[in-house]
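Understanding the architecture of this molecule
Below are the chains, spelled out letter by letter.
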Amino acid sequence: MSNKTDISVNVNGREYTRHVSPRVSLADFIRHDLGLTGTHVGCEHGVCGACVVKLDGKIVRSCLTLAVQTDGHAIETIEGLSESGEISDMQEIFHKRNALQCGYCTPGILLTAAELLEKTATPDREEIREFLSGNLCRCTGYEAIIDAVEETARERQDGK
Amino acid sequence: MNYVEPSSITELMNYVTTVEDYRCLAGGATLVAMMNVGLVEPELLISLHKLDELKGMRIDQNVIRIGAMTTHTAITDEDRLTGNASLVRSAAGQIAHSAVRNMGTIGGAISHADPSADFPAALTAANATIEVLGPSGRRVIQIDDFFVNYLETSLTEKEIVMAIMVPLSPADAIGHHLKFSRVDGDYATVSVSLALAMEGRICSYARIAVGSVAAVPLRLKEADDILIGSNLEESEIARASELLLKSSDPIDDVRGSSSYRKFLIPRLIRQAVLQSKKELSYT
(Lines give C-alpha, C1' and ligand atoms only; values in the text may rest on other atoms or scores of the structure.)
Protein backbone atom coordinates (compact mmCIF):
# COMPACT_ATOMS: atom_id res chain seq x y z
CA MET A 1 0.00 0.00 0.00
CA SER A 2 2.96 2.31 0.52
CA ASN A 3 4.42 4.12 -2.40
CA LYS A 4 8.05 3.17 -2.54
CA THR A 5 10.53 5.68 -3.90
CA ASP A 6 14.08 5.54 -5.15
CA ILE A 7 16.69 7.21 -3.01
CA SER A 8 20.39 7.72 -3.61
CA VAL A 9 22.57 8.16 -0.58
CA ASN A 10 26.27 8.28 0.09
CA VAL A 11 27.02 6.06 3.06
CA ASN A 12 30.59 5.94 4.34
CA GLY A 13 31.82 7.25 1.00
CA ARG A 14 29.92 4.72 -1.14
CA GLU A 15 26.95 5.56 -3.32
CA TYR A 16 23.84 3.43 -2.86
CA THR A 17 20.54 3.59 -4.73
CA ARG A 18 17.65 1.76 -3.14
CA HIS A 19 13.90 1.49 -3.46
CA VAL A 20 12.40 2.27 -0.04
CA SER A 21 9.06 2.68 1.63
CA PRO A 22 8.59 6.21 3.07
CA ARG A 23 7.88 4.75 6.51
CA VAL A 24 11.30 3.11 6.88
CA SER A 25 13.58 4.83 9.36
CA LEU A 26 17.15 5.62 8.47
CA ALA A 27 18.24 3.22 11.22
CA ASP A 28 16.31 0.30 9.71
CA PHE A 29 17.46 1.26 6.22
CA ILE A 30 21.12 1.23 7.27
CA ARG A 31 20.76 -2.06 9.11
CA HIS A 32 18.43 -4.03 6.86
CA ASP A 33 18.90 -2.61 3.39
CA LEU A 34 22.61 -1.89 3.61
CA GLY A 35 23.56 -4.56 6.16
CA LEU A 36 25.50 -2.15 8.32
CA THR A 37 24.55 -3.40 11.76
CA GLY A 38 26.89 -1.23 13.83
CA THR A 39 24.08 1.31 14.13
CA HIS A 40 21.84 0.04 16.89
CA VAL A 41 18.17 0.51 17.59
CA GLY A 42 17.16 1.02 21.22
CA CYS A 43 14.18 3.12 22.21
CA GLU A 44 12.96 4.24 18.77
CA HIS A 45 11.89 7.61 20.11
CA GLY A 46 15.11 9.54 20.30
CA VAL A 47 15.99 9.08 23.95
CA CYS A 48 18.68 6.39 24.14
CA GLY A 49 21.24 7.46 21.54
CA ALA A 50 22.11 3.93 20.32
CA CYS A 51 21.14 4.85 16.73
CA VAL A 52 23.28 7.96 16.32
CA VAL A 53 24.81 8.45 12.86
CA LYS A 54 26.29 11.45 11.08
CA LEU A 55 24.11 13.14 8.47
CA ASP A 56 25.99 15.72 6.39
CA GLY A 57 28.66 15.83 9.08
CA LYS A 58 26.36 16.30 12.07
CA ILE A 59 25.15 13.63 14.47
CA VAL A 60 21.44 12.80 14.34
CA ARG A 61 19.10 10.11 15.66
CA SER A 62 18.64 7.69 12.77
CA CYS A 63 15.48 6.28 14.42
CA LEU A 64 13.85 9.73 14.10
CA THR A 65 15.01 10.26 10.54
CA LEU A 66 13.21 8.67 7.63
CA ALA A 67 15.37 7.08 4.96
CA VAL A 68 13.51 9.04 2.23
CA GLN A 69 14.56 12.33 3.86
CA THR A 70 18.22 11.52 3.26
CA ASP A 71 17.97 11.26 -0.53
CA GLY A 72 21.01 13.05 -1.96
CA HIS A 73 22.70 13.37 1.43
CA ALA A 74 25.83 11.90 3.01
CA ILE A 75 25.70 9.54 5.97
CA GLU A 76 28.51 8.19 8.09
CA THR A 77 28.06 5.26 10.43
CA ILE A 78 30.35 3.67 12.98
CA GLU A 79 31.64 1.37 10.22
CA GLY A 80 32.80 4.37 8.17
CA LEU A 81 34.41 6.07 11.13
CA SER A 82 36.15 2.84 12.12
CA GLU A 83 37.48 2.14 8.62
CA SER A 84 38.80 5.66 8.13
CA GLY A 85 40.78 5.37 11.35
CA GLU A 86 39.45 8.76 12.37
CA ILE A 87 38.53 7.66 15.88
CA SER A 88 40.87 4.67 16.25
CA ASP A 89 42.62 6.36 19.18
CA MET A 90 39.34 6.74 21.03
CA GLN A 91 38.31 3.15 20.24
CA GLU A 92 41.63 1.91 21.56
CA ILE A 93 41.23 3.89 24.79
CA PHE A 94 37.61 2.70 25.22
CA HIS A 95 38.94 -0.84 25.00
CA LYS A 96 41.85 -0.23 27.34
CA ARG A 97 39.74 1.49 29.98
CA ASN A 98 36.84 -0.97 29.87
CA ALA A 99 34.55 1.79 28.68
CA LEU A 100 32.28 -0.75 27.10
CA GLN A 101 30.60 -3.74 28.60
CA CYS A 102 27.86 -5.19 26.41
CA GLY A 103 28.76 -2.68 23.67
CA TYR A 104 25.22 -1.85 22.63
CA CYS A 105 25.51 1.87 23.33
CA THR A 106 29.14 2.14 22.21
CA PRO A 107 28.72 3.14 18.52
CA GLY A 108 26.37 5.97 19.48
CA ILE A 109 28.64 7.10 22.27
CA LEU A 110 31.71 7.08 20.03
CA LEU A 111 29.98 9.19 17.38
CA THR A 112 28.66 11.61 19.98
CA ALA A 113 32.01 11.89 21.77
CA ALA A 114 33.73 12.43 18.39
CA GLU A 115 31.44 15.42 17.74
CA LEU A 116 32.17 16.81 21.19
CA LEU A 117 35.93 16.65 20.58
CA GLU A 118 35.48 18.33 17.20
CA LYS A 119 33.70 21.22 18.90
CA THR A 120 35.71 21.35 22.13
CA ALA A 121 39.28 20.07 22.08
CA THR A 122 39.66 19.74 25.84
CA PRO A 123 36.28 19.42 27.51
CA ASP A 124 36.19 19.02 31.28
CA ARG A 125 34.40 16.07 32.85
CA GLU A 126 31.22 18.08 33.37
CA GLU A 127 31.10 19.01 29.67
CA ILE A 128 31.69 15.40 28.65
CA ARG A 129 28.92 14.27 30.98
CA GLU A 130 26.53 16.86 29.62
CA PHE A 131 27.30 16.14 25.97
CA LEU A 132 26.89 12.40 26.48
CA SER A 133 23.73 12.77 28.56
CA GLY A 134 21.63 11.79 25.54
CA ASN A 135 23.31 8.40 25.30
CA LEU A 136 22.16 5.75 27.72
CA CYS A 137 24.40 2.92 28.88
CA ARG A 138 22.37 0.34 30.77
CA CYS A 139 25.49 -1.48 31.93
CA THR A 140 25.98 1.73 33.95
CA GLY A 141 29.58 2.15 32.88
CA TYR A 142 29.49 5.93 32.69
CA GLU A 143 32.58 6.69 34.75
CA ALA A 144 34.82 4.59 32.52
CA ILE A 145 33.28 6.17 29.42
CA ILE A 146 33.97 9.66 30.71
CA ASP A 147 37.52 8.62 31.66
CA ALA A 148 38.06 7.32 28.13
CA VAL A 149 36.78 10.45 26.39
CA GLU A 150 38.85 12.62 28.73
CA GLU A 151 41.97 10.58 28.02
CA THR A 152 41.37 10.74 24.25
CA ALA A 153 41.14 14.53 24.43
CA ARG A 154 44.32 14.69 26.52
CA GLU A 155 46.28 12.39 24.24
CA ARG A 156 45.19 14.33 21.18
CA GLN A 157 46.44 17.54 22.81
CA ASP A 158 49.71 15.92 23.86
CA GLY A 159 50.19 14.48 20.41
CA LYS A 160 50.05 17.90 18.83
CA MET B 1 1.76 6.51 3.71
CA ASN B 2 2.96 8.74 0.90
CA TYR B 3 5.84 11.16 1.12
CA VAL B 4 6.41 14.35 -0.83
CA GLU B 5 9.00 17.12 -0.81
CA PRO B 6 7.50 20.28 -2.29
CA SER B 7 10.09 22.78 -3.47
CA SER B 8 7.79 25.79 -3.71
CA ILE B 9 5.11 27.35 -1.54
CA THR B 10 2.59 26.96 -4.36
CA GLU B 11 3.30 23.24 -4.51
CA LEU B 12 3.04 22.99 -0.71
CA MET B 13 -0.33 24.80 -0.65
CA ASN B 14 -1.53 22.54 -3.40
CA TYR B 15 -0.89 19.49 -1.22
CA VAL B 16 -2.38 20.91 1.96
CA THR B 17 -5.56 22.05 0.24
CA THR B 18 -6.19 18.82 -1.66
CA VAL B 19 -5.25 16.22 0.96
CA GLU B 20 -7.26 15.83 4.16
CA ASP B 21 -5.03 13.60 6.27
CA TYR B 22 -1.52 15.07 6.07
CA ARG B 23 1.27 16.11 8.41
CA CYS B 24 4.10 18.50 7.71
CA LEU B 25 7.50 17.10 8.58
CA ALA B 26 10.07 19.59 9.86
CA GLY B 27 13.03 18.08 11.74
CA GLY B 28 11.16 14.93 12.73
CA ALA B 29 12.46 14.88 16.29
CA THR B 30 8.91 14.78 17.69
CA LEU B 31 6.71 13.80 14.74
CA VAL B 32 8.71 10.70 13.75
CA ALA B 33 8.88 9.66 17.41
CA MET B 34 5.07 9.92 17.54
CA MET B 35 4.82 7.91 14.34
CA ASN B 36 7.16 5.28 15.76
CA VAL B 37 4.89 4.69 18.73
CA GLY B 38 1.78 4.70 16.55
CA LEU B 39 0.24 7.95 17.77
CA VAL B 40 0.02 9.45 14.29
CA GLU B 41 0.03 7.82 10.89
CA PRO B 42 -0.87 10.38 8.23
CA GLU B 43 -1.83 9.42 4.71
CA LEU B 44 0.59 11.99 3.38
CA LEU B 45 3.80 13.24 4.91
CA ILE B 46 4.90 16.59 3.50
CA SER B 47 8.57 17.30 4.14
CA LEU B 48 9.35 21.01 4.40
CA HIS B 49 13.09 20.66 3.98
CA LYS B 50 13.25 21.81 0.37
CA LEU B 51 11.47 25.11 0.97
CA ASP B 52 14.16 27.79 0.90
CA GLU B 53 11.81 30.43 2.29
CA LEU B 54 11.70 28.53 5.58
CA LYS B 55 15.46 28.53 5.98
CA GLY B 56 18.04 30.90 7.37
CA MET B 57 18.00 33.99 9.53
CA ARG B 58 18.06 37.64 8.53
CA ILE B 59 17.84 40.94 10.33
CA ASP B 60 15.43 43.59 9.13
CA GLN B 61 14.81 46.80 11.10
CA ASN B 62 16.08 45.49 14.40
CA VAL B 63 14.07 42.29 14.21
CA ILE B 64 15.62 38.93 13.44
CA ARG B 65 13.55 36.68 11.23
CA ILE B 66 14.25 33.03 11.98
CA GLY B 67 13.02 30.66 9.27
CA ALA B 68 10.77 27.92 10.63
CA MET B 69 13.16 25.19 9.46
CA THR B 70 16.14 26.61 11.37
CA THR B 71 17.60 23.95 13.65
CA HIS B 72 18.21 24.38 17.36
CA THR B 73 21.94 24.00 16.68
CA ALA B 74 21.93 26.83 14.11
CA ILE B 75 20.16 29.07 16.64
CA THR B 76 22.57 28.10 19.42
CA ASP B 77 25.49 29.04 17.15
CA GLU B 78 23.97 32.33 15.89
CA ASP B 79 25.85 35.31 17.29
CA ARG B 80 23.47 37.87 15.77
CA LEU B 81 20.93 36.85 18.43
CA THR B 82 21.81 39.71 20.77
CA GLY B 83 20.00 41.94 23.30
CA ASN B 84 16.47 40.77 23.89
CA ALA B 85 16.93 37.95 21.32
CA SER B 86 19.82 36.40 23.25
CA LEU B 87 17.10 34.68 25.26
CA VAL B 88 16.17 32.54 22.26
CA ARG B 89 19.77 31.44 21.85
CA SER B 90 20.01 30.57 25.53
CA ALA B 91 16.90 28.36 25.26
CA ALA B 92 17.96 26.64 22.02
CA GLY B 93 21.20 25.41 23.55
CA GLN B 94 19.31 23.72 26.38
CA ILE B 95 16.92 21.67 24.26
CA ALA B 96 17.52 17.92 24.45
CA HIS B 97 20.95 16.80 23.20
CA SER B 98 23.25 17.59 20.31
CA ALA B 99 21.92 14.83 18.03
CA VAL B 100 18.38 16.14 18.54
CA ARG B 101 19.36 19.83 18.28
CA ASN B 102 20.94 19.05 14.91
CA MET B 103 17.55 17.82 13.66
CA GLY B 104 14.84 19.69 15.56
CA THR B 105 13.54 23.01 14.23
CA ILE B 106 12.04 26.09 15.87
CA GLY B 107 8.98 25.98 13.61
CA GLY B 108 8.32 22.35 14.45
CA ALA B 109 8.84 22.96 18.16
CA ILE B 110 6.30 25.76 18.44
CA SER B 111 3.75 24.10 16.15
CA HIS B 112 3.77 21.14 18.51
CA ALA B 113 2.99 23.58 21.36
CA ASP B 114 4.17 21.46 24.24
CA PRO B 115 4.14 23.81 27.25
CA SER B 116 7.03 21.85 28.80
CA ALA B 117 9.27 22.51 25.81
CA ASP B 118 11.78 25.34 25.93
CA PHE B 119 10.85 27.53 22.94
CA PRO B 120 7.22 28.31 23.91
CA ALA B 121 8.28 30.03 27.14
CA ALA B 122 11.42 31.58 25.65
CA LEU B 123 9.61 33.08 22.64
CA THR B 124 6.87 34.39 24.94
CA ALA B 125 9.44 36.19 27.07
CA ALA B 126 11.21 37.40 23.93
CA ASN B 127 7.96 38.96 22.65
CA ALA B 128 8.17 37.15 19.33
CA THR B 129 5.67 37.23 16.49
CA ILE B 130 4.90 34.27 14.29
CA GLU B 131 4.48 34.56 10.53
CA VAL B 132 2.09 31.93 9.21
CA LEU B 133 0.85 30.99 5.77
CA GLY B 134 -2.36 29.33 4.72
CA PRO B 135 -4.54 29.00 1.65
CA SER B 136 -5.98 32.47 2.33
CA GLY B 137 -2.58 34.09 2.61
CA ARG B 138 -0.13 35.25 5.22
CA ARG B 139 -0.76 36.66 8.67
CA VAL B 140 1.22 37.44 11.75
CA ILE B 141 0.30 36.15 15.21
CA GLN B 142 1.61 37.74 18.39
CA ILE B 143 3.21 35.08 20.60
CA ASP B 144 0.77 35.76 23.48
CA ASP B 145 -2.04 34.70 21.13
CA PHE B 146 -0.24 31.77 19.52
CA PHE B 147 -0.45 29.09 22.22
CA VAL B 148 -4.04 28.16 23.05
CA ASN B 149 -3.90 24.95 25.07
CA TYR B 150 -1.81 21.81 25.58
CA LEU B 151 -0.50 20.90 22.12
CA GLU B 152 -2.82 23.44 20.55
CA THR B 153 -2.03 26.66 18.71
CA SER B 154 -4.13 29.34 17.07
CA LEU B 155 -3.02 28.11 13.64
CA THR B 156 -6.12 27.38 11.64
CA GLU B 157 -6.41 24.21 9.64
CA LYS B 158 -4.05 24.18 6.63
CA GLU B 159 -1.84 26.96 8.03
CA ILE B 160 1.86 26.46 8.65
CA VAL B 161 4.51 28.46 10.49
CA MET B 162 6.84 30.25 8.08
CA ALA B 163 9.08 32.22 10.42
CA ILE B 164 9.56 33.50 13.93
CA MET B 165 10.34 37.19 14.33
CA VAL B 166 12.24 38.21 17.44
CA PRO B 167 12.98 41.85 18.31
CA LEU B 168 16.63 42.51 19.11
CA SER B 169 15.58 45.47 21.23
CA PRO B 170 15.94 46.41 23.95
CA ALA B 171 19.52 46.09 22.71
CA ASP B 172 20.82 46.49 26.24
CA ALA B 173 18.61 43.68 27.58
CA ILE B 174 19.99 40.33 28.49
CA GLY B 175 18.03 37.16 28.19
CA HIS B 176 18.11 33.99 30.22
CA HIS B 177 16.30 30.72 29.97
CA LEU B 178 16.66 29.02 33.31
CA LYS B 179 15.62 25.42 33.17
CA PHE B 180 15.13 22.96 35.97
CA SER B 181 14.95 19.36 34.88
CA ARG B 182 15.59 16.11 36.70
CA VAL B 183 17.73 14.70 33.91
CA ASP B 184 19.98 16.72 31.64
CA GLY B 185 18.37 17.23 28.24
CA ASP B 186 14.88 16.32 29.41
CA TYR B 187 11.84 18.57 29.21
CA ALA B 188 11.74 21.09 32.01
CA THR B 189 9.99 20.43 35.31
CA VAL B 190 9.75 24.23 35.38
CA SER B 191 11.53 26.80 33.23
CA VAL B 192 11.79 30.55 33.60
CA SER B 193 12.49 32.74 30.59
CA LEU B 194 13.39 36.32 31.19
CA ALA B 195 14.46 39.40 29.24
CA LEU B 196 15.69 42.17 31.48
CA ALA B 197 17.30 45.59 31.08
CA MET B 198 18.40 48.19 33.60
CA GLU B 199 19.23 51.86 33.57
CA GLY B 200 21.55 52.37 36.46
CA ARG B 201 19.85 50.68 39.36
CA ILE B 202 16.37 50.87 37.90
CA CYS B 203 14.86 48.06 35.90
CA SER B 204 13.86 49.56 32.54
CA TYR B 205 12.51 46.46 30.88
CA ALA B 206 11.27 43.07 32.07
CA ARG B 207 9.33 40.29 30.44
CA ILE B 208 9.02 36.96 32.22
CA ALA B 209 7.43 33.73 31.05
CA VAL B 210 7.22 30.53 33.05
CA GLY B 211 7.15 27.22 31.21
CA SER B 212 5.76 23.84 32.18
CA VAL B 213 3.37 25.20 34.80
CA ALA B 214 0.17 25.65 32.78
CA ALA B 215 -1.39 24.69 29.45
CA VAL B 216 0.45 27.55 27.78
CA PRO B 217 3.51 29.60 28.77
CA LEU B 218 2.55 31.70 31.76
CA ARG B 219 3.08 35.44 31.40
CA LEU B 220 1.45 38.27 33.29
CA LYS B 221 1.84 41.90 32.34
CA GLU B 222 1.12 42.79 35.99
CA ALA B 223 4.13 40.76 37.12
CA ASP B 224 6.41 42.45 34.58
CA ASP B 225 5.04 45.85 35.67
CA ILE B 226 6.04 45.23 39.29
CA LEU B 227 9.63 44.77 38.18
CA ILE B 228 9.79 47.63 35.67
CA GLY B 229 10.77 50.83 37.45
CA SER B 230 11.84 48.96 40.57
CA ASN B 231 15.33 48.31 41.94
CA LEU B 232 14.70 44.57 41.66
CA GLU B 233 14.84 44.17 45.41
CA GLU B 234 13.94 40.85 46.99
CA SER B 235 10.50 42.12 48.02
CA GLU B 236 9.65 43.25 44.49
CA ILE B 237 10.78 39.98 42.96
CA ALA B 238 8.71 38.13 45.57
CA ARG B 239 5.59 40.14 44.71
CA ALA B 240 5.98 39.44 40.98
CA SER B 241 6.61 35.74 41.68
CA GLU B 242 3.55 35.54 43.90
CA LEU B 243 1.31 36.77 41.09
CA LEU B 244 2.73 34.25 38.65
CA LEU B 245 2.49 31.46 41.19
CA LYS B 246 -1.19 32.25 41.80
CA SER B 247 -1.94 32.06 38.07
CA SER B 248 -0.08 28.80 37.57
CA ASP B 249 -1.91 25.52 37.18
CA PRO B 250 0.74 22.83 36.91
CA ILE B 251 0.01 19.18 36.32
CA ASP B 252 1.41 16.12 38.07
CA ASP B 253 3.61 14.07 35.79
CA VAL B 254 6.85 12.08 35.76
CA ARG B 255 8.86 15.30 35.83
CA GLY B 256 7.35 16.53 39.07
CA SER B 257 4.15 16.90 41.02
CA SER B 258 2.00 19.98 40.81
CA SER B 259 3.00 21.02 44.33
CA TYR B 260 6.69 20.53 43.60
CA ARG B 261 6.36 22.70 40.50
CA LYS B 262 4.69 25.38 42.62
CA PHE B 263 7.56 25.12 45.07
CA LEU B 264 10.01 25.73 42.22
CA ILE B 265 8.27 28.69 40.55
CA PRO B 266 9.24 31.52 42.96
CA ARG B 267 12.69 30.05 43.54
CA LEU B 268 13.55 29.87 39.85
CA ILE B 269 12.13 33.32 39.15
CA ARG B 270 14.22 34.79 41.94
CA GLN B 271 17.32 33.03 40.68
CA ALA B 272 16.74 34.15 37.07
CA VAL B 273 16.11 37.78 38.02
CA LEU B 274 19.03 38.02 40.43
CA GLN B 275 21.40 36.34 38.01
CA SER B 276 20.40 38.76 35.23
CA LYS B 277 20.61 41.75 37.57
CA LYS B 278 24.10 40.73 38.61
CA GLU B 279 25.21 40.25 35.03
CA LEU B 280 23.83 43.63 34.01
CA SER B 281 25.65 45.34 36.85
CA TYR B 282 28.94 44.21 35.33
CA THR B 283 28.22 45.57 31.85
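Here, the structure is the one placed above.
Before going into details, it helps to say that this report is about the structure given with it. Nothing here was measured: the structure is a model prediction, and the numbers come from that model.

What about the overall build of chain B?
- Counting its regular elements, chain B contains 11 helices and 13 strands.
- Here the C-alpha atoms of chain B give a radius of gyration of 19 Å, agreeing with the 19 Å that 2.2 N^0.38 yields for 283 residues.
- C-alpha extents for chain B along the principal axes are approximately 60 × 45 × 35 Å.
- For chain B, buried positions account for 58% of its 283 residues.
- With an accessible surface of roughly 11700 Å², chain B has 50% of that area assigned to carbon and sulfur atoms.
- For chain B, the distance from the average position of its 26 positive side-chain charges to the average position of its 35 negative side-chain charges is 5 Å.

A few points about the sheet that holds strand β4 (residues 57-60) of chain B
Residue and element names in this part refer to chain B.
- An order of β4-β5-β10-β6-β7 is seen for the five strands of this open sheet, with the pairing classed as antiparallel. In the strand order of this sheet, the two ends are held by β4 and β7 (137-142), each with one partner. Adjacent strand axes in the sheet meet at a mean angle of 25 degrees, parallel and antiparallel pairs treated alike.
- Alignment of strand β6 (residues 129-134) against β7, held across six bridges, turns out to be antiparallel. Paired with Val132 across the bridge in β7 is Arg139.

Reading the values: the criteria
Residues numbered from 1 in each chain as written. Chains lettered and ligands numbered in written order. Predicted model: local features only at pLDDT ≥ 70, side-chain atom pairs only at ≥ 80, totals over all residues. Heavy atoms only, no water. Helix = DSSP H or I, 4+ residues; strand = E, 2+ residues; numbered from the N terminus. Rg over C-alpha atoms; globule rule 2.2 N^0.38 Å. Buried < 20%, exposed > 50% of the residue type's maximum accessible area, 1.4 Å probe, protein only. Areas by Shrake-Rupley, 256 points an atom, 1.4 Å probe, with all protein chains shown as cover. Lys, Arg positive; Asp, Glu negative; His and termini not counted. Charge placed at Lys NZ, Arg CZ, Asp CG, Glu CD. Pairing = 2+ DSSP bridges. Axes fitted to C-alpha atoms, helices over the stretch in contact; angles between N-to-C directions.

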